[in-house]
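Take a look at the letters that make up each chain.
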Amino acid sequence: MTMTLTKAELASLLFDNVGLNKREAKEMVESFFEEIRDALEKGDSVKLSGFGNFQLREKPQRPGRNPKTGEEMPISARRVVTFHASQKLKAMVEMVHAGPTDQQQ
Amino acid sequence: MTKSELINRLAERNPHLVAADAELAVKTILDAMVQNLVGGNRIEIRGFGSFSLNFRPPRVGRNPKTGEQVTVEGKHVPHFKAGKELRDRVDFKD
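Keep in mind it's a predicted model, so treat the numbers as computed, not measured.

Caption draft 1: Quick look at the overall build of chain B. Within chain B, the regular secondary structure consists of three helices and five strands. The order of α-helices and β-strands along chain B, N terminus first, is α-α-β-β-β-β-β-α. Radius of gyration (C-alpha) of chain B: 19 Å, far over the 12 Å computed for a compact globule of 94 residues. By its C-alpha atoms, chain B is 60 × 40 × 30 Å across when sized along the principal axes. The long-range share in chain B, meaning contacts at least 24 apart out of those at least 6 apart in sequence, stands at 29%. Accessible surface for chain B amounts to roughly 5,400 Å². Of this, 50% is attributable to carbon and sulfur atoms. Of the side-chain charges in chain B, 16 are positive and 12 negative, and the distance between the mean point of each set is 6 Å.

As structure tokens, this is what we get:
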């Protein structure tokens, strides 16, 4: 059965494995993601060895269309985050999930 | 920012904790994220984004050296979709 990992589960792991109290564990999980957001917001990429890299890409303005009205309107230039899983993570996922039968979405 | 810089920043942010706790916390969080993705679970972090596996169907490829046709098996690859807060914060401010 598939489940979803959320901040609540991560906090309870920190409570169980690191010995932080409930409030500290919750704050640590929040700070972990906040530090990553903060670095990316400042234009700094984030490299977490064994997991993957978060990088920034700047996309120029391009022509687009309002799908409802069909009206042409430019899609503004923007900066977006991309994630590249590490070779290690990709290899582990490939090894466990070889076929299409599990985890289709 | 690397993993060790992230650990240092978390340790500075939490002066009441010992530095080793920040290191163990980062390792615990990343390890849980890896184990859940490998186990086929999704990861959903509100305000940050979600991680899941995408399936790449099998295809007929070519060995670029010999030109020989080869069957490439289907595989799952990790995928990240940024959440709204992260998307808004990294975009250009106007």
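There is more to say after this.
Caption draft 2: Focus on the environment of G83 of chain B. Residue and element names in this part refer to chain B. Inspection of the secondary structure assignment puts G83 in the loop between β5 (75-82) and α3 (84-90). A C-alpha to C-alpha distance of 23 Å links G83 and A25, two positions 58 residues apart in sequence. If near-sequence neighbours (up to four positions away) are discounted, G83 is found in contact with F48 and G49.

Caption draft 3: Local environment of the nonpolar core. F51 and F54 of chain A together with F51 of chain B are the most contacted members of the largest nonpolar core, which has 47 residues in total. Top element by residues in this core is helix α2 (residues 19-38) of chain B. It accounts for ten residues. Discounting chain neighbours no more than four positions away, the residues touching F54 of chain A are I36, L40, S45, V46, L48, V81, T82 and F83 of chain A together with F48, F51 and F80 of chain B.

Caption draft 4: Layout of the packing of helix α1 (residues 3-13) of chain B against α2 of chain B. Residues and elements named next belong to chain B. At a minimum axis distance of 8 Å, the contact between α1 and α2 shows a crossing angle of 130°. Taken together, α1 and α2 sit at an angle that is classed as oblique. The crossing of α1 and α2 is right-handed. Touching K3, L6, I7, L10 and A11 of α1 are A19, A22, E23, V26 and L30, all from α2.

Caption draft 5: Representation of α2 of chain B. Taking 1.5 Å per residue as the helical rise, α2 of chain B with its 20 residues ought to reach 28 Å, and the 29 Å between its terminal C-alpha atoms agrees with that figure. The positive-phi residue at the C-terminal boundary of α2 of chain B is G40 of chain B, with phi of around 85°.

What counts, and where the lines are drawn
Residues numbered from 1 in each chain as written. Chains lettered and ligands numbered in written order. Predicted model: local features only at pLDDT ≥ 70, side-chain atom pairs only at ≥ 80, totals over all residues. Heavy atoms only, no water. Helix = DSSP H or I, 4+ residues; strand = E, 2+ residues; numbered from the N terminus. Rg over C-alpha atoms; globule rule 2.2 N^0.38 Å. Contact = heavy atoms within 4.5 Å. Areas by Shrake-Rupley, 256 points an atom, 1.4 Å probe, with all protein chains shown as cover. Lys, Arg positive; Asp, Glu negative; His and termini not counted. Charge placed at Lys NZ, Arg CZ, Asp CG, Glu CD. Core = buried A, V, L, I, M, F, W, Y, C linked by side-chain atoms within 4.5 Å. Buried < 20%, exposed > 50% of the residue type's maximum accessible area, 1.4 Å probe, protein only. Axes fitted to C-alpha atoms, helices over the stretch in contact; angles between N-to-C directions. Parallel < 35°, antiparallel > 145°, perpendicular 65-115°, else oblique. Left-handed = near helix turned anticlockwise from the far one by under 90°. Expected span 1.5 Å × (residues − 1).

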